[in-house]
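# Descriptive analysis of the structure
Spelled out, the chains give:
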Amino acid sequence: MTRLHLADPLAMAAIPAAAWNALVDDDYPFLRHEFLSALESTGAVTRETGWVARHLTLWRDGELVGALPHYLKYHSFGEYVFDWAWADAWERAGGQYYPKSVSAVPFTPVPGPRLLLAEDVDPCEAMQRLSEACCGEDTSGWHLLFAEQREVAAWQQACPDLIARDGVQFQWRDRGFGDFDGFLASLTSKRRKAIRRERRRIAEQGLTLHRLEGADIGEADLAHFYRCYQMTYLERGQRGYLSHDFFAQLLQRLPEALLLIQARLHDRPVAAALCLQGGNSLYGRYWGSEVMADGLHFEACYYQGIEHCLARGLDLFDPGTQGEHKLARGFAPLRLTSLHHIADPRLRSAVARFCREEGAHVSSYHEAATQGLPFKSEER
């Protein structure tokens, strides 16, 4: 069989969209050509913002058969696997931490596949070629963030120096609930009553929730959502990473992946949450509100998503990173892993020790969180 050819690093604009998308899992919209290219064409991912797109592609007889999203980074913003302390320690010791190389989806802390591969390509050979390219770059290291769990061991075999760093997020999975009442029936009486009380409070405040998909999302709806999205960042004295043009491109080029949950007061939109969806999963991503309303965040970002999954037959709802408050609402803790190649052996040793020690705490946290799930004992 013809040997795989590793091309020079490319931006998304230089990669044929149809060929790239043919390798993408339909359940994971964040690796679609439309999503990644929108980040680059609207200025979220540029040299000026500290991201240089250097996607790695594997070709065979002129056909794209493998790919890995890849960036040269000049800071650690927008990654959500925090290595600021590593950078600070290395630079105080006289080293240079940036630039570093990163394989991830920018601004998107969602675990999922990173290696895109045609079915007849040997994953071991592909990982070997790609990891050699990543680990051989003239940077302080290579960071494979939020890797799909089933890929982790194979990547570590391809690159034995990779250091695993564990974390925890929370996800909801359908256990055959049927509908929202079926989901509530699986919970303890205390939690069931609390959720019903939270949802009643939404109606008592005069708020109504509306789910808009794809073509049902109008320009005014998108403009209102974007205003809310920016307000979330402005509360912390920042601006959102993404522009209105980015979301407009998604609506134009990838409408089937968008779900907008809109809260209205007296028929006027006052809050919004934008989710992306794949063939079997829903991903909560962006949220903002113009009003202070009791329980609105839980309703828009959690309960509406669960209802949508049950209505559409989606098995998984990933509501976004962080937040133990998700636990009490039926979102189970999920162990996730990022992998790190550190070029200098001195820094590599320190990072490996840190990750081992941190991993012990993560294991304890995951176990305690699992015990705190609100399901009835027979459901747990």
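In this report, we go over the structure that sits alongside the text. Computed from a predicted model, the values in this text were never measured in an experiment.

## A closer look at the overall build of the chain
Each helix and strand in the chain was counted, giving 11 helices and 15 strands. For 380 residues, the compact-globule estimate of 2.2 N^0.38 gives 21 Å, and the C-alpha radius of gyration of the chain, at 22 Å, lies within 12% of that figure. Summarising its shape, the C-alpha atoms of the chain cover approximately 60 × 45 × 45 Å along the three principal directions. Residues classed as buried in the chain amount to 56% of the 380 residues present. Put simply, of all contacts in the chain between residues at least 6 apart along the chain, 74% involve residues at least 24 apart. Here the chain contributes 41 positively and 50 negatively charged side chains, and the mean placements of these two sets differ by 7 Å.

## What to know about empty space enclosed by the protein
Within the structure shown, the criterion is met by one cavity of 30 Å³ or more. Its residues assigned to classes, the lining of the largest cavity comprises nine nonpolar, two polar and two charged.

## A short note on the packing of helix 4 (residues 123-135) against helix 5 (residues 149-158)
Contact geometry for helix 4 and helix 5: axes closest at 9 Å, N-to-C directions at 60 degrees. With respect to each other, helix 4 and helix 5 are oriented oblique. Here helix 4 and helix 5 pass one another in a crossing that is right-handed. Across the interface between the two elements, Met127, Gln128, Leu130 and Ser131 from helix 4 touch Glu151, Ala154, Trp155 and Ala158 from helix 5. Among the residues making up the contact of helix 4 with helix 5, the classes are represented as five nonpolar, two polar and one charged.

## Digging into the pairing of strand 12 (residues 268-277)
Among the 10 residues in strand 12, eight count as buried, and that is most of the element. Summarising the sheet, strand 11 (residues 258-265) and strand 12 pair through eight bridges and their orientation is antiparallel. Each residue of the ladder has a partner; that of Leu258, found in strand 12, is Leu276. With antiparallel pairing between neighbouring strands as the criterion, strand 11 and strand 12 make up a hairpin whose turn holds two residues, including His266 at a positive phi of roughly 55 degrees. Alignment of strand 12 against strand 13 (residues 281-289), held across seven bridges, turns out to be antiparallel. Across the sheet, Ala271 pairs through a bridge with Ser289, a residue of strand 13. The hairpin formed by strand 12 and strand 13 contains three residues between the paired strands.

## Quick look at the layout of surface pockets
Its boundaries defined by the atoms lining it, the largest pocket holds a volume of some 980 Å³. For the largest pocket, the lining is made up of 34 residues, of which Tyr80, Tyr233, Arg236, Arg285 and Thr321 are closest to its centre. Counting residues per element, the ones that place at least two in the lining of the largest pocket are helix 8 (219-234), strand 12, strand 13 and helix 10 (296-312). Counting residues per element, the lining of the largest pocket draws most heavily on strand 13, at four residues.

## Looking at the pairing of strand 8 (residues 141-147)
With seven of seven residues buried, strand 8 is to be regarded as a mostly interior element. Both strand 6 (residues 100-103) and strand 8 contribute to a ladder of three bridges, which runs parallel. Bridge pairing links Ser101 to Trp142 in strand 8. Looking at chain direction, strand 8 and strand 15 (residues 332-342) are connected through five bridges and run antiparallel. Looking at the pairing, Trp142 lines up with His341 of strand 15.

## Thoughts on the packing of aromatic side chains
For the structure on display, the rule yields 32 aromatic pairs. With a centroid separation of 5.7 Å and an interplanar angle of 70 degrees, the aromatic rings of Trp142 and Trp155 are classed as edge-to-face. Taken together, the residues span a long stretch of sequence, with Trp142 in strand 8 and Trp155 in helix 5 at a distance of 13 residues. Taking relative accessible area as the criterion, Trp142 reaches 0% and is therefore assigned buried. Overall, the relative accessible area of 0% leaves Trp155 in the buried class. With a centroid separation of 5.6 Å and 65 degrees between ring planes, the pair formed by Phe317 and Phe331 is classed as edge-to-face. Residue Phe317 is located in strand 14 (residues 316-318), and its partner Phe331 is located in the loop between strand 14 and strand 15; the two are separated by 14 residues in the primary sequence. By relative accessible area, Phe317 is classed as buried at 0%. It is Arg199 that lies over the ring of Phe180; its NZ or CZ is 4.3 Å from the centre. If you follow Arg329 out to its NZ or CZ, it ends over the ring of Phe298, 3.6 Å from the centre.

Here is what the cut-offs are and how they apply
- Residues numbered from 1 in each chain as written.
- Predicted model: local features only at pLDDT ≥ 70, side-chain atom pairs only at ≥ 80, totals over all residues.
- Heavy atoms only, no water.
- Helix = DSSP H or I, 4+ residues; strand = E, 2+ residues; numbered from the N terminus.
- Rg over C-alpha atoms; globule rule 2.2 N^0.38 Å.
- Buried < 20%, exposed > 50% of the residue type's maximum accessible area, 1.4 Å probe, protein only.
- Contact = heavy atoms within 4.5 Å.
- Lys, Arg positive; Asp, Glu negative; His and termini not counted.
- Charge placed at Lys NZ, Arg CZ, Asp CG, Glu CD.
- 1 Å grid on protein atoms, 1.4 Å probe; cavity = no way out; pocket = protein on both sides within 12 Å on 5 of 7 lines; lining within 4 Å.
- Points joined across faces, edges and corners; volume = space filled by probe spheres on them.
- Nonpolar A, V, L, I, M, F, W, Y, C, P; charged D, E, K, R; others polar.
- Axes fitted to C-alpha atoms, helices over the stretch in contact; angles between N-to-C directions.
- Parallel < 35°, antiparallel > 145°, perpendicular 65-115°, else oblique.
- Left-handed = near helix turned anticlockwise from the far one by under 90°.
- Pairing = 2+ DSSP bridges.
- Phe/Tyr/Trp six-rings, centres within 6.5 Å; stacked < 30°, edge-to-face > 60°.
- Lys NZ or Arg CZ within 6 Å of the ring centre and 35° of its normal.

Everything listed here is a matter of geometry and, on its own, says nothing about what the molecule does.
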